[in-house]
Amino acid sequence: MDRNEYLYAAEECRDEMEEYIDEMGSRNGLSLTSVDDVTNYVKEHNVSSIRLWFSDILGNLKSFSITPKELAGAFEEGMGFDGSSIQGYKRIQESDMVAFPVPDTAQVLPFRSGGGRSMRMMAQIRNPDGSAYDGDPRNILIRTLDRLEDHGCTNMYVGPEAEYFYFKNERGTELLDDAGYFDINPVDIGDDIREVTVCALEAMGIQIEYHHHEVGPSQHEIDIRYKDALQMADSLQTYKYLVKEIARRCGAFATFMPKPLAGENGSGMHTHLSLFNGGQNAFYDGTDEHHLSPMAKQFIAGVLKHSREMALVTNPTHNSYRRLVPGYEAPVYIAWAERNRSAAIRIPMYKPGKEVATRIELRFPDPTCNPYLTFAVMLAAGLEGVENELSCPDPVTVDIYHLTSKWREQMGIDALPHDLFEAARVGQFSDFLKNALGEDVHRKLIETKLEEADVFRLHVSQLDLKKHLVL
């Protein structure tokens, strides 16, 4: 397809979506909160299919559909399924699981599927006795967020920047464009597809701050406005689904693979984070030279302490570590700084009168992560720093990439794991990670990732043959 064909496909997709959004009666998402709200909406708007979404431990989105006549039973008793067939869930001899729809997550998909309206709700996974299943990533995040109250906080707000690439199809990495950072159309061919995606996101109640072409060719970014961590994890799963689905409907292919192109910037998920008590930002202190409260600095210290262990969750694939190399704006070294993008944690510049915007930015996660587990380990690491009143090191003001290994050692700057095998081994012996995820999820994640590392370690690549066949 050429540029005009992508443009026409995007226009057709948007026209269909606009018509459907008008029928839905809302252009900015639904505001349903209760079982009765959802039940009444389904009846009044002739919703023909209800999809229940949940995630496995790797962050893969799972879904099954029920008809409206099953909705009341789903709310009351849940819908049973085979947990042994879900990555990281139950063993076959204890496989029965139950999915309960969460009513305040109900949104209508902003395009027709199978000729009718489809609603989606996130599901809480429970055991047959009705108790919350400890291995459900969403339950793990909820359990971790419950710890905020012990520290005088009510909310953890998160704002991720999940980058991705458009390619012509799923069979390779043929680019749509050769545009660069903030370029506009006509060189940014993906602009039209992004616009339709933003329309779809906002129709599902996901507010967008801005979107643009990224540094790499055919690389893009759509930034979701910050929100509570649980809502954001749900939104991020929806975001990844819609980016890929809208691309497909427009004749292209979208991928969140961290490093699909050698020699080009990879796709990260820089994550902005702050803790609040009601309307008060717990990370702000106007008397501090960095405008950071003691809690914020202790939080940073906790994240720095556990960054190497967290990497298995925040950067979970073999390809993740193709991105984490010097020279491509990806952080490799464990330090914090103001405005210094070579550090693992950056403090965005303070603006007078914008105290609520004081936050930290974790720059090492990538968009292949499971957002529920990622936000959970971020919070668990930071709260450990607060609980133990860890001392925060001084910020680094130099470009860490240009420091020698000796200088970095003298400054106490460690590095993230070199590859997935190292990340899995670090995580394997991490009591922090075991406590944050729970022993069962921790064990299953380690087993899965060590197996993945072995697959790549045993693979003989074309580069191997090119370099070594003549030996």
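Relevant structure appears above.
Residues numbered from 1 in each chain as written. Predicted model: local features only at pLDDT ≥ 70, side-chain atom pairs only at ≥ 80, totals over all residues. Heavy atoms only, no water.

### Considering the overall build of the protein
What counts here: Helix and strand labels come from DSSP, where a helix needs a run of H or I of at least four residues and a strand needs a run of E of at least two; each type is numbered from the N terminus. The globule rule used here is 2.2 Å times the number of residues to the 0.38 power, and the radius of gyration it is set against is calculated over C-alpha atoms. Think of it in three bands: with a 1.4 Å probe and only protein chains considered, a residue is buried below 20% of the maximum accessible area for its type, exposed above 50%, and partly exposed in between.
Looking only at helices and strands, the protein has 14 helices and 17 strands in total. Here the C-alpha radius of gyration of the protein, 23 Å, is about what a compact globule of 471 residues would show, namely 23 Å. With respect to the three principal axes, the spread of C-alpha positions in the protein is 65 × 55 × 55 Å. Per-residue burial for the protein yields a buried fraction of 56% across its 471 residues.

### Considerations on the packing of aromatic side chains
Aromatic ring pairs: the centre-centre distance and the angle between the two ring planes describe each pair. As a reminder, the rule being used: Stacked, edge-to-face and tilted are the three classes for Phe, Tyr and Trp ring pairs, Trp counted by its six-membered ring, which pair at centre distances within 6.5 Å; planes under 30 degrees apart are stacked, over 60 edge-to-face, the rest tilted.
Summed over the entire model, instances satisfying the criterion amount to eleven aromatic pairs. Plain terms: the ring middles of Tyr164 and Tyr166 are 5.0 Å apart, the flat faces sit at 80° to each other, and that makes the pair edge-to-face. Residue Tyr164 shares its accessibility class with Tyr166, and that shared class is buried. Where Tyr164 meets Phe256, the ring centres are 5.5 Å apart and the plane angle is 50°; that geometry is what we call tilted. Within this pair, whereas Tyr164 is found in strand S7 (residues 155–167), its partner Phe256 is found in the loop between strand S11 (253–255) and strand S12 (269–277), the two being separated by 92 residues in sequence.

### Section: the pairing of S12
We apply this condition: Strands are treated as partners if at least two bridges between them are detected by DSSP.
Counting buried positions along S12 yields eight of nine residues, so the element is predominantly enclosed. Taken together, the eight bridges between S7 and S12 define a ladder with antiparallel strand orientation. Bridge pairing in S12 places Asn155 opposite Phe276. In terms of strand pairing, S12 meets strand S16 (residues 360–362) through three bridges, oriented antiparallel. Among the inter-strand pairings, His272 is bridged to a residue of S16, identified as Glu361. By the bridge criterion, two bridges tie S12 to strand S13 (residues 280–281) in an arrangement that is antiparallel. Bridged to Phe276 within S13 is Asn281. Where S12 hands over to S13, the hairpin turn is made up of two residues, of which Gly278 adopts a positive phi near 65°.

### What to know about the packing of helix H7 (residues 294–314) against helix H9 (residues 371–387)
Note the following rule: Convention adopted: a line fitted to C-alpha atoms gives each axis, helices being fitted over their contacting stretch, and angles between N-to-C directions are expressed from 0 to 180 degrees. By definition in this entry, angles of less than 35 degrees are roughly parallel, angles greater than 145 are roughly antiparallel, angles of 65 to 115 are roughly perpendicular, and the rest are oblique. It is the rotation of the near helix from the far one that decides the hand of a crossing: anticlockwise by less than a right angle makes it left-handed, clockwise makes it right-handed. Note on contacts: a residue pair qualifies if any of its non-hydrogen atoms lie within 4.5 Å across the two residues.
Following both chains from N to C, one finds H7 and H9 inclined at 140°, their axes separated by 6 Å at the closest point. In terms of orientation, H7 lies oblique with respect to H9. For the element pair H7 and H9, the recorded crossing hand is right-handed. Contact with H7, carried on its side by Met295, Gln298, Phe299, Gly302, Val303, Lys305, His306, Met310, Val313 and Thr314, involves Leu373, Thr374, Val377, Met378, Leu379, Ala381, Gly382, Leu383, Glu384, Gly385 and Val386 of H9 and no other residues of that element.

### Overview of the side chain of Thr144
Here Thr144 is to be found in helix H4 (residues 137–145). Since its relative accessible area comes to 5%, Thr144 is described here as buried. Once residues within four sequence positions are removed from consideration, Thr144 is found in contact with Ala376, Leu379, Ala380 and Ala436.

### Digging into the pattern of salt bridges
Test applied: Take a side-chain nitrogen of Lys or Arg and a carboxyl oxygen of Asp or Glu: if they are within 4 Å of each other, that pair is a salt bridge.
Under the defined criterion, the tally for this structure stands at 24 salt bridges. Across the pair Asp191 and Arg194 runs a salt bridge, and its minimum N-O distance is 3.1 Å. Of this pair, Asp191 and Arg194 both sit in helix H5 (residues 191–203), three residues apart, roughly one helical turn. When sorted by exposure, Asp191 lands in the same class as Arg194, which is buried. Three or more residues joined by partner-sharing salt bridges are found here, namely Arg14, Glu18, Asp22 and Arg27.

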